[in-house]
Amino acid sequence: MWRLPGARAALRGVRAAVERHSQAEPAVDSMERAVVRCVPSEPKLSLSFSLADGSHKNMQRDQSEPLGRVLSRIATNALKGHAKAAVAKKSRKNRPNASGGGACAGPGSEQAAACEPVVKLYYREEAVAEDVLNVDAWQDGAVLQIGDVKYKVERNPPAFTELQLPRYIMAGFPVCPKLSLEFGDPAGSLFRWYREAKPGSAEPEGGGPSSLSPSSPSTSWTSTGVDERVYTPSNADIGLRLKLHCTPGNGQRFGPSRELESVCPVEAGPGTCTFDHRHLYTKKVTDDALIRTVSYNILADTYAQTEFSRTVLYPYCAPYALELDYRQNLIQKELTGYNADLICLQEVDRCVFTDSLVPALEAFGLEGVFRIKQQEGLATFYRKSKFSLLSQHDISFHEALQSDPLHKELLEKLVLNPAAQERVFQRSSVLQVSVLQSTKDSSKKICVANTHLYWHPKGGYIRLIQIAVALAHIRHVSCDLYPGIPVIFCGDFNSTPSTGMYHFVINGNIPEDHEDWASYGEEERCNMSLTHFLKLKSACGEPAYTNYVGGFHGCLDYIFIDLNALEVEQVIPLPSHEEVTTHQALPSVSHPSDHIALVCDLKWK
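Residues numbered from 1 in each chain as written. Predicted model: local features only at pLDDT ≥ 70, side-chain atom pairs only at ≥ 80, totals over all residues. Heavy atoms only, no water.

The protein appears in an unreviewed UniProt entry as 2',5'-phosphodiesterase 12 from Myotis lucifugus. The record in UniProt for the protein states the following under Sequence similarities (unreviewed entry): "Belongs to the CCR4/nocturin family." Among the UniProt annotations of the protein, the heading Cofactor (unreviewed entry) holds the following wording: "Mg(2+)". (UniProt positions renumbered as here; feature names shortened; annotations may be inferred.)

Here is the structure:
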């Protein structure tokens, strides 16, 4: 009989031996599975398996509990299952006077004790002693025997902790399942997509896990032939539901498979979108010498789904096209189609970041970071094959202005005007700053900044102060913390090229008599003379507009780049005016936001 060795080090060696032993015996692989999840930081372990009667058991037991107690509980469960199966069988045969044909009685009776199944745990073909603690007894590769059935114990196999398909699926738009794994990773997992068989079609094809859905026994499925994480439905899928069969893995072994069905059938797409023509310029990922950069205000759901938005801001937009489930399809397709290396987004709802953007962009090789403002925030994504994240230096403008000595001089000027000071301190705008390092050349680092300045038309001086704080902070990161690294500064700056904000960024100074210092009226004028020492230019120039709504159109978004270190290789053309106004203005059924994405290819000098 196997007992626990005295030393933990010896146990670790045994675990490795068991791993090799279990891989060397093909007979074990044909057994049923008993999945054990045992994490040192948690007091309990879980044990999952299916009994011979088809019932599934999921047990939670203390890691410090002796094995014997668990085995006894399993025996009781097995006995109950056997008794239920016998009753069901007798009922089906409709023999009310039958004695049960030898079926076990309820637990606790002499008859039950006589037919209680033998339950043992074996490790390296020896029974594990019942006084061994659970944490040490349930080893990977051990064998659990319940009556005549044997189970291969899999300790901490890869497993999905979250798996979800989007609610709204459209033909021509990529479907990216949201998933989270434990002890595994998406790259090492297996995926296969199925479509609902059309009524009256031939027998299901393509093999697969099952031709019938467990939840809908009458539904049959056919393989799409796609075995990747992302599936783009075709017009042939319209009206049919989708099923995803996925097996979690980590490159060495696989865990229990799961199946997931779409709630609704695939719907027809909107036809040509504003970004389809732009994708012709971005079919491939750029080579290592280039950095394809995107800046895009994607319109937060918290703003799109209001009565004011539907009736005043965007009355021309079909109500369904303002719904998040619909817009997410367009946003995912647009962003993934740019094959970008850097994506800076504004007005990102937290749930959109976690449930939509991360799964979609991760599937296409990008990783992201998020900075909340209040109801929404900023997101920066970078291509993992080109960059790694070194550090983050996010700030809230009003907090930094009040507490960081870097802005002491600016604060001293602002406090001379209490009314202006109060307005500035009330604003929740933030700056997201990420320092990235090239995966190909560790000497190449870059400072990527992302912001969304105050929106109000009268907020000119507030935006001036916010941009002054932003530029001082960016200079500190790019000159003091990481001397000499180039800057890419993206965002929705809510400022046209004629404003003081734009003049300040491009020219490096703003005179104290600029009209924007009196943007709230002469009584609140707060004259200041400001300078900064970054050499920046707008990579995409000054488009006629990047924001086009019913009552306004103008250029509010920019990608500012470091003149000393970066240059523009190409600017991806914006949609034509005809495309933008096909449905009067933005957003629309063919464009998910009231802004237009800026896209350009940059290169190191």
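Q: Explanation requested: helix 13 (residues 460-481) in the structure shown.
A: At 3.6 residues per turn, the α-helix brings residues three or four places apart onto the same side. Its 22 residues place the ends of helix 13 30 Å apart at the C-alpha level, agreeing with the 32 Å of an ideal helix rising 1.5 Å per residue. Counted residue by residue, helix 13 has 16 buried out of 22 residues, so it is predominantly covered. (Helix = DSSP H or I, 4+ residues; strand = E, 2+ residues; numbered from the N terminus. Expected span 1.5 Å × (residues − 1). Buried < 20%, exposed > 50% of the residue type's maximum accessible area, 1.4 Å probe, protein only.)

Q: I would appreciate a short explanation of the pairing of strand 17 (residues 376-383) in the present structure.
A: Within a regular strand, side chains alternate between the sheet's two faces. Among the eight residues that make up strand 17, eight are buried, leaving the element largely enclosed by the rest of the structure. Relative to strand 17, strand 15 (residues 342-349) runs antiparallel, the two sharing six bridges. Note that in strand 17 the partner of Cys344 across the bridge is Thr380. If you look at the hairpin formed by strand 16 (residues 366-372) and strand 17, you'll find three residues sitting between the two strands. (Pairing = 2+ DSSP bridges.)

Q: What should I look at first to understand the pattern of salt bridges in this one?
A: Oppositely charged side chains may form a pair once their charged atoms are brought near each other. Scanning all chains against the criterion turns up 24 salt bridges. Residue Glu162 is joined to Lys178 by a salt bridge in which the shortest nitrogen-to-oxygen separation is 2.8 Å. Of the two residues, Glu162 sits in strand 8 (residues 159-164) while Lys178 sits in strand 9 (residues 178-182), which places them 16 residues apart along the sequence. The class for Lys178 is buried, based on a relative accessible area of 12%. In the salt-bridge network here, residues are joined through shared partners; they are Arg37, Glu42 and Glu182. (Salt bridge = Lys/Arg side-chain N within 4 Å of Asp/Glu carboxyl O.)

Q: Just checking my understanding: could you explain helix 14 (residues 500-507) for this structure?
A: Buried within helix 14 we find Gly500, Met501, Tyr502, Phe504 and Val505. Buried-residue contacts for helix 14 involve helix 13, strand 23 (509-510), strand 24 (530-531), strand 25 (536-538) and strand 28 (557-562). Looking at the residues trailing helix 14, positive phi occurs at Gly508, about 85°. (Contact = heavy atoms within 4.5 Å.)

Q: Got a minute to help me understand a nonpolar patch on the surface in this structure?
A: Side chains of Phe308, Val312 and Leu313 sit close together on the surface and give an oily, nonpolar patch of about 270 Å² of accessible area. Here Leu313 shows up in helix 7 (residues 307-313). Look at Leu313 and you get partly exposed, because its relative accessible area is 36%. (Patch = residues over 30% accessible without salt bridge, like charges linked within 9 Å, V, L, I, M, F, W, Y side chains within 5 Å. Areas by Shrake-Rupley, 256 points an atom, 1.4 Å probe, with all protein chains shown as cover.)

Q: I would appreciate a short explanation of the packing of aromatic side chains in the present structure.
A: By convention here, two paired aromatic rings are described through the distance between centres and the angle between planes. Scanning all chains against the criterion turns up 17 aromatic pairs. Ring centres of Tyr320 and Tyr326 lie 5.2 Å apart, and the angle between their planes is 90°; on these two criteria the pair is classed as edge-to-face. Where Phe353 meets Phe370, the ring centres are 5.0 Å apart and the plane angle is 25°; that geometry is what we call stacked. Within this pair, whereas Phe353 is found in helix 9 (residues 350-362), its partner Phe370 is found in strand 16, the two being separated by 17 residues in sequence. Looking at Phe353, the relative accessible area reads 10%, which means it is buried. Classification of Phe370 as buried rests on a relative accessible area of 17%. Aromatic rings pair up to connect Phe489, Phe493, Tyr502, Tyr558 and Phe560 into one cluster. Sitting over the face of the ring of Tyr194, Lys243 holds its NZ or CZ atom 5.5 Å from the ring centroid. (Phe/Tyr/Trp six-rings, centres within 6.5 Å; stacked < 30°, edge-to-face > 60°. Lys NZ or Arg CZ within 6 Å of the ring centre and 35° of its normal.)

Q: Would you take a moment to explain the side chain of His473 for this structure?
A: Position of His473 among the secondary structure elements: in helix 13. Leaving out residues up to four positions away in the same chain, His473 has contacts with His393, Ile395, Leu406, His407, Leu431 and Val433.

Q: It is not clear to me how the pairing of strand 21 (residues 445-452) should be interpreted in this structure. Could you clarify?
A: When you tally the buried positions in strand 21, you get seven out of eight residues, the bulk of the element. Direction of pairing for strand 21 relative to strand 22 (residues 487-492): parallel, over a ladder of six bridges. Its bridge partner lying in strand 22, Thr451 is registered against Gly491. Regarding the hand of the β-α-β motif, the stretch spanning strand 21, helix 13 and strand 22 is right-handed. (Right-handed = clockwise from strand over helix to strand, strands pointing away.)

Q: Is there a simple way to explain the packing of helix 12 (residues 418-426) against helix 13 in this structure?
A: Two packed helices can be described by the angle between their axes and the distance between those axes. The contact between helix 12 and helix 13 brings their axes to 10 Å, and the two run at 65°. Looking at the two axes, helix 12 sits roughly perpendicular to helix 13. The crossing of helix 12 and helix 13 is right-handed. For the pair helix 12 and helix 13, contact is made by Ala419, Ala420, Arg423 and Val424 and by Tyr461, Ile462 and Ile465, respectively. (Axes fitted to C-alpha atoms, helices over the stretch in contact; angles between N-to-C directions. Parallel < 35°, antiparallel > 145°, perpendicular 65-115°, else oblique. Left-handed = near helix turned anticlockwise from the far one by under 90°.)

Q: When you look at the environment of Thr219 in this model, what are you seeing that I'm missing?
A: You can see Thr219 is positioned in the loop between strand 10 (190-196) and strand 11 (221-223). Overall, the relative accessible area of 11% leaves Thr219 in the buried class. Residues Thr219 and Ala197, spaced 22 residues apart in sequence, show a C-alpha to C-alpha distance of 7.5 Å.

Q: What is the right way to look at unusual backbone geometry in this model?
A: Phi is mostly negative for residues that are not glycine, and the peptide bonds are mostly trans. The linkage connecting Leu586 with the following residue, Pro587, adopts the cis geometry, with an omega of 0°. Mapped onto the fold, Pro587 is located in the loop between helix 15 (577-580) and strand 30 (598-604). Residue Asn156 is not a glycine yet carries a positive backbone phi of 50°. Topologically, Asn156 is positioned in the loop between strand 7 (149-155) and strand 8. Under the relative-accessibility criterion, Asn156 is labelled buried at 18%. Unlike most non-glycine residues, Gln584 shows phi in positive territory, near 85°. Along the polypeptide, Gln584 turns up in the loop between helix 15 and strand 30.

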